[in-house]
Amino acid sequence: MEEKKIFELSFEKILVRRKRIQRILFMFFRIAAFINCVALFLVVAFIMLKGWKAITWEFLTQPPLDSMTKGGILPCIIGTLCLGIGAIVVALPIGVASAVYLNEYARPGKLLRLIRLGINNLAGVPSVVFGLFGLAFFVIWLKMGESILAGVLTLAALTLPVIIGSTEEALKAVPDTYREASLALGATRWQTIYRVVLPAALPGILTGAILGLSRAAGETAPIMFTAAVYYTPHLPSSLFDQVMALPYHVYVLATAGTNIEATRPLQYGTSLVLIALVLSMNLAAIVWRSRLRKKMK
Amino acid sequence: MIMTDNYKMSIRHLNFYYGAAQALYDISLDINKSQVTALIGPSGCGKSTFIRCLNRMNDLIPISRVEGEIILEDIDINNPSVDVVMLRRRVGMVFQKPNPFPKNIFDNVAYGLRVNGVKDKAFIESRVEESLKKAALWDEIRDRIHESALGLSGGQQQRMCIARALAVEPEILLMDEPASALDPIATQKIEDLIGELKENYTIIIVTHNMQQAARVSDMTAFFYMGKLIELDETDTLFTRPRLKQTEDYITGRFG
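Residue positions within a chain follow its written sequence, with the count starting from 1. As they are written, the chains are lettered A onward and the ligands numbered 1 onward, keeping that order. Selection of residues for local features in this predicted model requires a pLDDT of at least 70, selection of side-chain atom pairs for listing and counting requires 80 or more, and totals for whole chains, interfaces and linings are taken over all residues.

**Remarks on the overall build of chain A**
The helix count covers DSSP runs of H or I at least four residues long, the strand count covers runs of E at least two residues long, and both are numbered beginning at the N terminus. What chain A contains, in helices and strands, is eleven helices and two strands. Ordered by position from N to C terminus, the α and β elements of chain A give α-α-β-β-α-α-α-α-α-α-α-α-α. Oriented by its inertia axes, the alpha-carbon framework of chain A measures out at about 90 × 60 × 40 Å. Within chain A, the proportion of its 297 residues that are buried is 39%. Here the contact rule is simple: place C-beta atoms from the backbone, and any two residues whose C-beta atoms are within 7 Å are in contact. Sequence-distant contacts, at least 24 apart, represent 77% of the contacts inside chain A between residues at least 6 apart. In this scheme every C-beta is placed from the backbone, and a residue whose C-beta has 20 or more other C-beta atoms within 10 Å is buried, one with 12 or fewer is exposed, and one in between is partly exposed.

**Let's talk about the overall build of chain B**
Along the backbone of chain B there are ten helices and ten strands. The globule rule is 2.2 Å times the number of residues to the power 0.38, and the radius of gyration it is compared with is taken over C-alpha atoms. Expected size for 255 residues packed as a compact globule is a radius of gyration near 18 Å; at 18 Å, chain B falls within 12% of this value. Expressed along its principal axes, the backbone C-alpha trace of chain B runs to roughly 55 × 45 × 35 Å. By the burial criterion, 45% of the 255 residues in chain B qualify as buried. Summarising the internal contacts of chain B: among those between residues at least 6 apart in sequence, 69% fall at separations of at least 24.

**Description of the sheet that holds strand S6 (residues 91-94) of chain B**
Residues and elements named next belong to chain B. A pair of strands is labelled paired if DSSP reports no fewer than 2 bridges between them. Here six strands make up an open sheet; going across it, the order is S6-S7-S8-S3-S9-S10 and the pairing mixed. Only two strands of the sheet have a single neighbouring strand rather than two, namely S6 and strand S10 (227-233). Taking each pair of neighbouring strands and ignoring which way they run, the sheet shows an average axis angle of 20°. Under this scheme, a helix contributes an axis fitted over its contacting stretch, all axes are lines through C-alpha atoms, and angles between N-to-C directions fall in the 0 to 180 degree range.

**Describing the sheet that holds strand S1 (residues 7-18) of chain B**
All names here are of chain B. The antiparallel open sheet is built from four strands, whose spatial order is S2-S1-S4-S5. With one partner strand each, in any of the chains shown, strand S2 (21-32) and strand S5 (75-76) form the two edges of the open sheet. Here S1 runs beside S2; their pairing, made up of eight bridges, is antiparallel. Bridge pairing in S2 links Tyr18 to Ala21.

**Quick look at the environment of Ser34 of chain B**
All names here are of chain B. Within the element layout of this structure, Ser34 appears in the loop between S2 and strand S3 (36-40). For Ser34, a count of 15 C-beta atoms within 10 Å translates into the label partly exposed. Counting along the chain gives 165 residues from Ser34 to Glu199, while the straight-line C-alpha distance between them is 5.6 Å. Setting aside chain neighbours within four positions, we find Ser34 in contact with Lys198, Glu199 and Thr202.

**Details of helix H4 (residues 121-134) of chain B**
Given 3.6 residues per turn, any residue in an α-helix points the same way as the ones three and four places further on. Residues and elements named next belong to chain B. With 14 residues, H4 ought to run about 20 Å at 1.5 Å a step, and its terminal C-alpha atoms sit 20 Å apart, in line with that. Looking only at H4, the buried set comprises Arg127, Val128, Ser131 and Leu132. Take H4 and look down its axis: the buried residues cluster within an arc of 130°, on one side only. Exposed side chains of H4 directed beyond 90 degrees from the buried face belong to Ala122, Phe123 and Ser126. The span expected for a helix works out to 1.5 Å for each residue beyond the first. It is the directions from the helix axis to the C-beta atoms whose arc is reported.

**As for helix H7 (residues 184-197) of chain B**
All names here are of chain B. The end-to-end C-alpha distance of H7, which contains 14 residues, comes to 20 Å, matching closely the 20 Å that a straight helix rising 1.5 Å per residue would cover. Every buried residue of H7 is listed here: Ile190, Leu193, Ile194 and Leu197. Here the buried residues of H7 occupy an arc of 105° about the axis, which is enough to place them on one side. Residues Pro184, Ile185, Gly195 and Glu196 are exposed on H7 and point more than 90 degrees away from its buried face. Residues of H7 that are buried make contact with S3, H4, helix H6 (154-166), strand S7 (172-176), strand S8 (202-206) and helix H8 (210-216).

**Overview of the confidence of the model for chain B**
Note that predicted coordinates carrying low pLDDT should not be read in detail. Residue and element names in this part refer to chain B. Counting all residues, the mean pLDDT for chain B is 91, and 97% of those residues have values of 70 or more. Per-residue confidence from the predictor is reported as pLDDT, a score between 0 and 100. Element-level mean pLDDT values for chain B span from 89 in H7 up to 96 in helix H3 (residues 105-115). ipTM for the predicted complex: 0.90, alongside a pTM of 0.83.

**A short note on the packing of H3 of chain B against H4 of chain B**
All names here are of chain B. Axis separation between H3 and H4 bottoms out at 9 Å; the angle between their running directions is 110°. Relative to H4, the element H3 is oriented roughly perpendicular. Between H3 and H4 the crossing geometry is right-handed. Two secondary-structure elements touch here, H3 through Phe106, Val109, Ala110 and Leu113 and H4 through Ile124, Arg127, Val128, Ser131 and Leu132. Angular relationships are summarised with four words: roughly parallel below 35 degrees, roughly antiparallel beyond 145, roughly perpendicular across 65 to 115, and oblique for the angles in between. Take the far helix as your reference; a near helix turned counterclockwise from it by less than a right angle gives a left-handed crossing, and one turned clockwise gives a right-handed crossing.

Right, dumping it as structure tokens:
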């Protein structure tokens, strides 16, 4: 009797403490999750506030003027679009093919482990190293010169691990019952992959592609030695032209321009355009993905 | 007893291993043409593993290994010269859980024809309709054949999966607990269907449910711990089993 009472008393006390601990921890988790949104909001708000005055029709449709202290950033926008889209066009087929091989076809073993090790390490290489690799390999050794092509290939190498990773995740999420159903009907493995597995994985693959595209569009280091030029009033006409690019333009104006202070609004304006470009691509991807998902249901 | 000239499939001394673990021990068994053979036994007794050997579905498991012969008419299906794609066209399968593709009903049923190279649209259309009729689903879904198969009820999905398997005209239909995820009414429909299908198809069905085995099958095989314990005509096996082990199982004393 006595013992039971003690137990109940301490139980009550401990219960209060247990609940308090839970409350504090959950509060902490909530704040942690919230910080992400705040960070994004602050970055976007800051750039908006500082940059929106620079955004005019002229800014978006004209090349830079007067040693890049006036005028617009059209060549940068076009250049970044070329580099980003080009990188995805190259990296997406290779990345998806690699992921299909790794996830659907390769038998576990040494070779598979080696390839995975390679991909994981590729993902950890700093972007400036990709830039130097692109300079040495594509620009000099393959004699592509500083060009869109060299930049695209360098950015593709950088985005490959992102695409492979997200494609593999998407393939893993496709239930095995789909594969079994298809094979049991006399489909070959390739038919199963092409007709059932890839369509089911498509939303996830697209997400990866767009993440890769935004990453490629925002990178500075990989293109500064391979594709980006300090200034050109011309729009590119071939894969072997050099281009201006938004991130590199910001870097140039902020560190090596003729009048760094005077061009601050232009720097923020350019940043704003870059962020808007990347965010709108992400948004488009989300809309596309949710449409695909609805279509499948 | 067993009609000797009428075997569709003969299994001889089949051993099956998952890596080092042996799952099937020396199984020999004949499957009669145009009959329903039921495989019963407690969970983990190897009946699903066994049925998946018959269309080489176990090929998907990298560490698996098969010994012995599985003769379909006159070919050993594990012979390297046998094309597994061809085999699976002849030996269709319906799985435990309905597994429609995230496509519309028509595309689901037409899938097997299309992957096997049929291009003729009129032919595909008539075969899809015919298969859905055979699976007793046509009347329920004829107006929504171009809607997603995922919108069907579980029982309808399973009958659609049966139609999908029938569309490629297999000779043998393997059914791995086809009604275990369904309610009694849907189960009843699947069982009726099995009775109608056996005229034209050889059916092998795995089931947990002994009443179901007794209702639908002509022959019943009792598996236990990876071994085939007893095979007999269903009526005989359920009323006068030869072995004590079989009797204990069917009377519910273990399992």
